[in-house]
Amino acid sequence: SWLGTSMATPHVTAAVALLRAQLPHLSGAEVRRRLMRTADRVPAMHGRRFTLDYGAGRLNVRRLLAE
């Protein structure tokens, strides 16, 4: 396994593809908001909603598609 955007990008892209297949009418801005809203915050974020190191947190595909 590797860390960083090189590993995160394909996972987030696949999650967005699943979301757009389920809800094709969503705008790009709404997709972004949903990704950020449904991400799991990680302890190293110290309660912040966004950090440069962790973004909005860890991708949670289940929450993204269930919302």
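Keep in mind the model is a prediction, meaning the values are calculated, not measured.

A.B. asks: Explain the overall build of the protein to me, and be specific about the residues and the numbers.
C.D. replies: Within the protein one finds 3 helices and 0 strands. Relative to the globule expectation of 11 Å for 67 residues, the C-alpha radius of gyration of the protein, 12 Å, shows essentially globular dimensions. Here the protein, with 67 residues, has 25% of them falling under the buried criterion. Long-range contacts, defined here as pairs at least 24 residues apart, represent 36% of the contacts in the protein between residues at least 6 apart. Total accessible area computed for the protein in this model is approximately 5000 Å², and 60% of it derives from carbon and sulfur atoms.

A.B. asks: I'd love a proper account of unusual backbone geometry, names of residues and values included.
C.D. replies: Phi is positive for His46, close to 50°, though the residue is something other than glycine. Looking at the element boundaries, His46 is found in the loop between helix H2 (28-38) and helix H3 (61-66). The class for His46 is exposed, based on a relative accessible area of 65%.

A.B. asks: Lay out the environment of Arg49 in plain terms, naming residues and giving numbers.
C.D. replies: Here Arg49 lies in the loop between H2 and H3. By relative accessible area, which is 63% here, Arg49 ends up exposed. What Arg49 contacts, discounting residues up to four positions off in sequence, is Arg41, Gly55 and Ala56.

A.B. asks: So what's going on with the environment of Arg20? Which residues, and what values?
C.D. replies: Tracing the backbone through its elements, the reader meets Arg20 in helix H1 (residues 5-22). Arg20 gets classed as partly exposed once you look at its relative accessible area, which sits at 35%. Counting along the chain gives 11 residues from Arg20 to Val31, while the straight-line C-alpha distance between them is 8.3 Å. Once residues lying within four places of it in the same chain are set aside, the contact partners of Arg20 are Leu26 and Val31.

Conventions adopted
Residues numbered from 1 in each chain as written. Predicted model: local features only at pLDDT ≥ 70, side-chain atom pairs only at ≥ 80, totals over all residues. Heavy atoms only, no water. Helix = DSSP H or I, 4+ residues; strand = E, 2+ residues; numbered from the N terminus. Rg over C-alpha atoms; globule rule 2.2 N^0.38 Å. Buried < 20%, exposed > 50% of the residue type's maximum accessible area, 1.4 Å probe, protein only. Contact = heavy atoms within 4.5 Å. Areas by Shrake-Rupley, 256 points an atom, 1.4 Å probe, with all protein chains shown as cover.

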